[in-house]
Amino acid sequence: MRVSTDEAFEIELRSSGEVLTVPGDRTALSVLFEARAGLDSNCLRGECGACVQTVLAGTPDHRDTVLSPRARAAGKRFIPCVSRAAGRLVLDL
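None of these values were measured; they are calculated from a predicted model. Per chain, the residues get numbers from 1 upward, laid out in the order the sequence is written. It should be noted that, the model being predicted, local features are given only for residues of pLDDT at least 70 and side-chain atom pairs only at 80 or more, the latter also being counted only at that level, while totals for whole chains, interfaces and linings use all residues. Water and hydrogen atoms play no part in the side-chain values, which are based on all heavy atoms of the structure.

**Student:** For this particular structure, what's the right way to read helix α1 (residues 28-35)?
**Tutor:** Think of an α-helix as 3.6 residues a turn; residues three or four steps apart then line up on the same face. Along α1, the positions that sit buried rather than exposed are A28, L29, V31 and L32. The buried residues of α1 all sit within an arc of 160° when viewed along its axis, so they share a single face. Two residues form a contact once any of their heavy atoms are found within 4.5 Å. We count a stretch as a helix when DSSP gives it H or I for four or more residues in a row; a strand needs E for two or more, and each element gets its number in order from the N terminus. At its buried positions, α1 is contacted by β1 (9-13), β2 (19-22), β5 (77-78) and β7 (88-91). Classification of residues uses two cut-offs on accessible area relative to the type maximum, computed with a 1.4 Å probe and protein chains only: under 20% is buried, over 50% is exposed, and between them is partly exposed. Picture the helix axis, draw a direction to every C-beta atom, and the arc is the one those directions span.

Right, dumping it as structure tokens:
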């Protein structure tokens, strides 16, 4: 599923239940950095996979180049530096 870059979506952090809103003009990674220090990142272009997160629920809109077609179809990984979602993602954070 491909969504417009200007659509906001939500990320729920499984460990705390906190729900974060990712505005259309920001990346999920930047919002996660504000909420949780210590996330790994490297390229910030969706090419390295350093920031990969596990999806527990929801449908990612994959915009990276690092995940394989099989991984994309499974929908269990999310690259927050470039990818988005429609609705809400629940991440294993």
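**Student:** I would appreciate a short explanation of the sheet that holds β1 in the present structure.
**Tutor:** Consider a sheet: its strands pair through backbone hydrogen bonds, and that pairing is either parallel or antiparallel. Read across the open sheet, the five strands follow the order β2-β1-β7-β3-β5; overall the sheet is mixed. At either margin of the open sheet sits one strand with a lone partner, and together these are β2 and β5. Note: two strands are recorded as paired if DSSP finds a minimum of 2 bridges between them. In this sheet, β2 lies alongside β1 in antiparallel orientation, the contact comprising four bridges. Within the sheet, the bridge partner assigned to E10 lies in β2 and is T21. The strands that α1 touches are β1, β2, β5 and β7; relative to β2, the one it contacts most, it runs at about 140°. Only the contacting stretch of a helix is used when fitting its axis, a line to C-alpha atoms as for every element, and angles between N-to-C directions run 0 to 180 degrees.

Don't take any of this as a statement about function, it's just geometry.
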